[in-house]
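Architecture at a glance
Below are the chains, spelled out letter by letter.
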Amino acid sequence: MKYMLLINASAVDEDGGAAGCDVSDWMAYDKQVREAGILVSGESLADLVTATTVRVGEDGRRTVTDGPFAETREILGGFYVIDVPDLDVALDWAARCPGARGSGAVVVRPVAEFGG
């Protein structure tokens, strides 16, 4: 079954990375996921200031807003999609993720599969 691991940080360091882990931690985790043969996809997201939000009102008009938002408490830093037998295994991989350390969190969600 496929699960998405959404990597959230409540704080970032001066380089824009998740506080409490460095590049070598991420490289090691990425290598483990690849070598285990469970990686479907994964990406790190660009800095929050590059974000653009699109909303469509009831009247069909599009509104575009740039930049970070004060109401955002967590920063979505990236994701992995893994293919593992069950939720328990997905939770184990989420707990190994450097993004789960300290004040970070990894949200685990099953990927919905439609059709055949």
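Residues numbered from 1 in each chain as written. Predicted model: local features only at pLDDT ≥ 70, side-chain atom pairs only at ≥ 80, totals over all residues. Heavy atoms only, no water.

**Notes on helix 2 (residues 87-96)**
- Listed as buried for helix 2 are Ala90, Trp93 and Ala94. Within helix 2, the buried residues cover an arc of 105 degrees as seen down the axis, which keeps them to one side. Exposed residues pointing more than 90 degrees away from the buried face of helix 2 are listed as Asp88 and Ala95.
- Among the structural elements, strand 1 (2-9), helix 1 (23-35), strand 5 (75-83) and strand 6 (105-110) are those in contact with the buried residues of helix 2.
- The backbone nitrogen of Asp88 has a side-chain oxygen 3.2 Å away, supplied by the residue at the start of helix 2, namely Asp86. (Buried < 20%, exposed > 50% of the residue type's maximum accessible area, 1.4 Å probe, protein only. Helix = DSSP H or I, 4+ residues; strand = E, 2+ residues; numbered from the N terminus. Arc of directions from axis to C-beta. Contact = heavy atoms within 4.5 Å. Polar contact = N/O pair within 3.5 Å; in protein donor to acceptor, adjacent residues only side chain to side chain.)

**Quick look at a nonpolar patch on the surface**
- A grouping of Val54, Val56 and Val64 is seen on the molecular surface, where their side chains present a nonpolar patch of about 270 Å² in accessible area.
- In this fold, Val64 is placed in strand 4 (residues 62-66). (Patch = residues over 30% accessible without salt bridge, like charges linked within 9 Å, V, L, I, M, F, W, Y side chains within 5 Å. Areas by Shrake-Rupley, 256 points an atom, 1.4 Å probe, with all protein chains shown as cover. Salt bridge = Lys/Arg side-chain N within 4 Å of Asp/Glu carboxyl O.)

**Re the sheet that holds strand 1**
- A sheet is described by the order of its strands in space; here four strands give the open sequence 2-5-1-6, paired in antiparallel fashion. Single-partner strands in this sheet number two, and they are strand 2 (39-44) and strand 6. Neighbour to neighbour, the strand axes of the sheet diverge by 20 degrees on average, direction disregarded.
- Taken together, the six bridges between strand 1 and strand 6 define a ladder with antiparallel strand orientation. Residue Met4 lies in a different strand from strand 6, and its bridge partner there is Arg109. (Pairing = 2+ DSSP bridges. Axes fitted to C-alpha atoms, helices over the stretch in contact; angles between N-to-C directions.)

**Brief notes about the pairing of strand 1**
- Among the eight residues of strand 1, six are classified as buried, and the element is accordingly described as predominantly covered.
- Where strand 1 lies against strand 5, eight bridges are found, and the strand directions are antiparallel. Across the sheet, Leu5 pairs through a bridge with Tyr80, a residue of strand 5.

**A few points about the pattern of salt bridges**
- With the rule as written, the count across this model stands at four salt bridges.
- Between Arg101 and Asp25 there is a salt bridge, with its nearest N and O atoms 3.2 Å apart. Taken together, the positions of Arg101 in the loop between helix 2 and strand 6 and Asp25 in helix 1 put the pair 76 residues apart, joining distant regions of the chain.
- Residue classification places Asp25 among the partly exposed positions, given a relative accessible area of 22%.

**Description of helix 1**
- Relative to the 18 Å expected for 13 residues at 1.5 Å per residue, helix 1 spans 18 Å between its end C-alpha atoms, a close match to the ideal helical length.
- Gly37, located one to two residues past helix 1, shows a positive phi value of around 75 degrees. (Expected span 1.5 Å × (residues − 1).)

**Regarding the packing of aromatic side chains**
- Throughout the structure, instances matching the rule amount to two aromatic pairs.
- Each ring, one from Tyr29 and one from Tyr80, has its centre 5.3 Å from the other, and the planes form 85 degrees; the classification is edge-to-face. With Tyr29 in helix 1 and Tyr80 in strand 5, the pair connects residues that are 51 residues apart, well separated along the chain. Tyr80 shares its class with Tyr29; the two are buried.
- Lying over the aromatic face of Trp93, Arg96 brings its terminal NZ or CZ to 4.0 Å of the ring centre. (Phe/Tyr/Trp six-rings, centres within 6.5 Å; stacked < 30°, edge-to-face > 60°. Lys NZ or Arg CZ within 6 Å of the ring centre and 35° of its normal.)

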